[in-house]
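Below, each chain spelled out in residue letters.
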Amino acid sequence: MKAKGQPGLDRSRVVGTALRLLNEVGLDGLTLRRLAKELNVQAPALYWHVRNKQELLDEMATAMLRDMSAADDGEGVRADGAPADADWQELLAGTGRGLRRALLRYRDGAKVFAGTRLTDTGHAAQQEEHLRRLVAAGFSPGAAARASFIVFVFTEGFVIEQQAVQPMPGERAPGYDAAERAHSIGGEFPLAAQAGADLFDDYDSRFEEGLAAVIAGIGATLGPGSAG
């Protein structure tokens with residue numbers, strides 16, 4: 001039974017509360033029991049809206065993508081992060097940047113998003129336009145889809161690794177101090193010792209570097225004029 005004066009429970013409220021709770025407790029701490037307590041309802045009441053945790057994660061990922069698609073800075077920059085007149089390279093780069101921003105808004109955001117199934121088709125119109133622009137730039141329809149997927153999985157994987165070190169802005173997980181890592185490895189492996197600074201710091205620059213490498217590879221293998 002819900003508390004007197006408590007707003008009615010619906011799927012939107014369940015998902016919104018789960019996303020807020022995610023930032024507090026992380027993916028491992030986000031259980032249906034904990035969510036029910038936050039909503040001040042008995043756990044079985046949630047099963048009318050989400051049958052299990054995976055279904056909850058599917059709904060959360062769909063809401064995250066919906067928020068990303070609705071983003072607009074009011075200055076002619078599209079929801080995917082690319083200007084309306086961008087070339088295909090900047091279109092793909094903008095998609096990666098926009099996805100990364102969306103995932104970094106939440107603790108374990110990339111882990112929530114990975115492997116989930118979207119629960120509505122609200123993303124289809126933007127996806128259609130994105131693919132249409134790539135095809136207009138010279139990609140085949142199949143190559144356009146694969147190029148977008150490559151950028152997607154690079155970004156998702158990068159953010160998973162980033163959030164392992166920096167769960168939220170201003171936080172740093174234990175065990176990722178570059179100086180401590182170098183000291184523990186010792187002088188016998190100097191290259192491995194010095195790699196920590198490149199692996200666990202300056203994620204913005206390293207994302208841009210990796211994204212540029214991915215897009216250059218797409219151009220060579222799938223882009224206009226390639227064999228893809």
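Going by an unreviewed UniProt entry, the chain carries the name TetR family transcriptional regulator and comes from Streptomyces bathyalis.

The angle between the axes and the distance between the axes are what describe a pair of packed helices. Between helix 7 (residues 124–136) and helix 8 (residues 141–165), the least distance of the axes is 9 Å, while the angle of their chain directions is 120 degrees. One finds that helix 7 runs oblique with respect to helix 8. Taken as a pair, helix 7 and helix 8 cross one another with a handedness that is right-handed. Contacts from His130, Leu131, Leu134 and Val135 in helix 7 reach Pro141, Ala144, Ala145 and Ser148 in helix 8. Tallied by class, residues from the contact of helix 7 with helix 8 come to six nonpolar, two polar and no charged.

The calculated volume of the largest pocket comes to roughly 670 Å³. Lining the largest pocket are 21 residues; nearest its centre among them are Leu65, Leu118, His123, Gln127 and Phe152. Ranked by the residues each element gives to the lining of the largest pocket, the list is headed by helix 8, at five residues.

As annotated in UniProt, the feature "DNA-binding region" (unreviewed entry) corresponds to residues 31–50 in the numbering used here. In residues 31–50, helix accounts for 60% and strand for 0%; the two terminal C-alpha atoms are 12 Å from one another.

Our focus in this paragraph is the packing of aromatic side chains. Inspection of every chain in the model, using the stated rule, returns seven aromatic pairs. Ring plane angle 20 degrees and centroid distance 5.6 Å describe the contact between phenylalanine 154 and phenylalanine 207, whose orientation is recorded as stacked. Taken as a pair, phenylalanine 154 in helix 8 and phenylalanine 207 in helix 12 (residues 203–221) lie far apart in primary sequence, 53 residues in all. Overall, phenylalanine 207 belongs to the buried group, its relative accessible area being 1%. Residues tyrosine 176 and phenylalanine 200 carry aromatic rings whose centres are separated by 5.2 Å and whose planes lie at 65 degrees to one another, so their mutual orientation is edge-to-face. Here the residue tyrosine 176 occupies a position in the loop between helix 8 and helix 9 (178–185), and phenylalanine 200 occupies one in the loop between helix 11 (196–199) and helix 12, the gap between them amounting to 24 residues. Taken together, Phe154, Phe158, Tyr203 and Phe207 form an aromatic cluster joined through their ring pairs.

Moving on to helix 1 (residues 11–29). In a regular helix each residue adds 1.5 Å, so 19 residues correspond to 27 Å; helix 1 covers only 20 Å between its end C-alpha atoms and thus falls short of that length. Of all the bends found along helix 1, the most pronounced is centred on asparagine 23 and spans about 95 degrees. The set of residues buried in helix 1 consists of Val14, Val15, Thr17, Ala18, Leu19, Leu21, Leu22, Gly26 and Leu27. In this fold, the buried residues of helix 1 make contact with helix 2 (32–39), helix 3 (43–46), helix 4 (53–70) and helix 6 (109–113).

The phi torsion at asparagine 40 lies on the positive side, around 60 degrees, for a residue other than glycine. If you trace the backbone, asparagine 40 turns up in the loop between helix 2 and helix 3. A positive phi angle, near 55 degrees, is found at aspartate 202, a position not held by glycine. With respect to the element layout, aspartate 202 can be found in the loop between helix 11 and helix 12.

So, on to the pattern of salt bridges. Overall, the coordinates contain 12 salt bridges when judged by the stated rule. Across the pair arginine 11 and glutamate 55 runs a salt bridge whose closest N-O atoms are separated by 4.0 Å. Of this pair, arginine 11 sits in helix 1 while glutamate 55 sits in helix 4, placing them 44 residues apart in sequence. Residue glutamate 55 is classed as buried on the basis of its relative accessible area, which comes to 15%.

Thresholds, definitions, all that
- The numbers attached to residues start from 1 for each chain and follow its sequence in the written order.
- Thresholds applied to this predicted model are a pLDDT of at least 70 for local features of residues and 80 or more for the giving and counting of side-chain atom pairs; totals over whole chains, interfaces and linings are not thresholded and use all residues.
- Hydrogen atoms and water are omitted, and side-chain values are computed over all heavy atoms in the structure.
- Axes here refer to lines fitted to C-alpha atoms; in helices the fit is confined to the stretch in contact. Angles between the N-to-C directions go from 0 to 180 degrees.
- The helix count covers DSSP runs of H or I at least four residues long, the strand count covers runs of E at least two residues long, and both are numbered beginning at the N terminus.
- Here is the rule for angles: anything less than 35 degrees is roughly parallel, anything more than 145 is roughly antiparallel, 65 through 115 is roughly perpendicular, and the remaining ranges are oblique.
- Here is the rule for handedness: rotate from the far helix to the near one, and if that takes an anticlockwise turn smaller than a right angle the crossing is left-handed, while a clockwise turn gives right-handed.
- We call two residues contacting when some pair of their heavy atoms lies within 4.5 Å.
- Residues are sorted three ways: Asp, Glu, Lys and Arg are charged, Ala, Val, Leu, Ile, Met, Phe, Trp, Tyr, Cys and Pro are nonpolar, and all the rest, Gly among them, are polar.
- Here the term cavity refers to a set of points on a 1 Å grid, laid over the protein atoms alone, in which a 1.4 Å probe fits but cannot get out; the term pocket refers to an open set having protein on both sides within 12 Å along at least five of seven lines, with lining residues being those that place an atom within 4 Å of a point.
- Grid points are joined across faces, edges and corners, and a volume is the space filled by probe spheres set on the points.
- UniProt positions are given in the numbering used here, feature names are shortened, and annotations may be inferred rather than shown by experiment.
- Centres within 6.5 Å make a pair out of two Phe, Tyr or Trp rings, where for Trp the six-membered ring is used; the pair is then stacked when the planes are under 30 degrees apart, edge-to-face when over 60, and tilted otherwise.
- For every residue, the accessible area obtained with a 1.4 Å probe (protein chains only) is divided by the maximum for its type, and the residue is called buried under 20%, exposed over 50%, and partly exposed between those limits.
- To estimate the expected span of a helix, subtract one from its residue number and multiply by 1.5 Å.
- We define the bend at each residue as the angle formed by axes fitted to the 7 residues ending at it and the 7 residues starting at it.
- By definition, a salt bridge exists where a carboxyl oxygen of Asp or Glu is found within 4 Å of a side-chain nitrogen of Lys or Arg.

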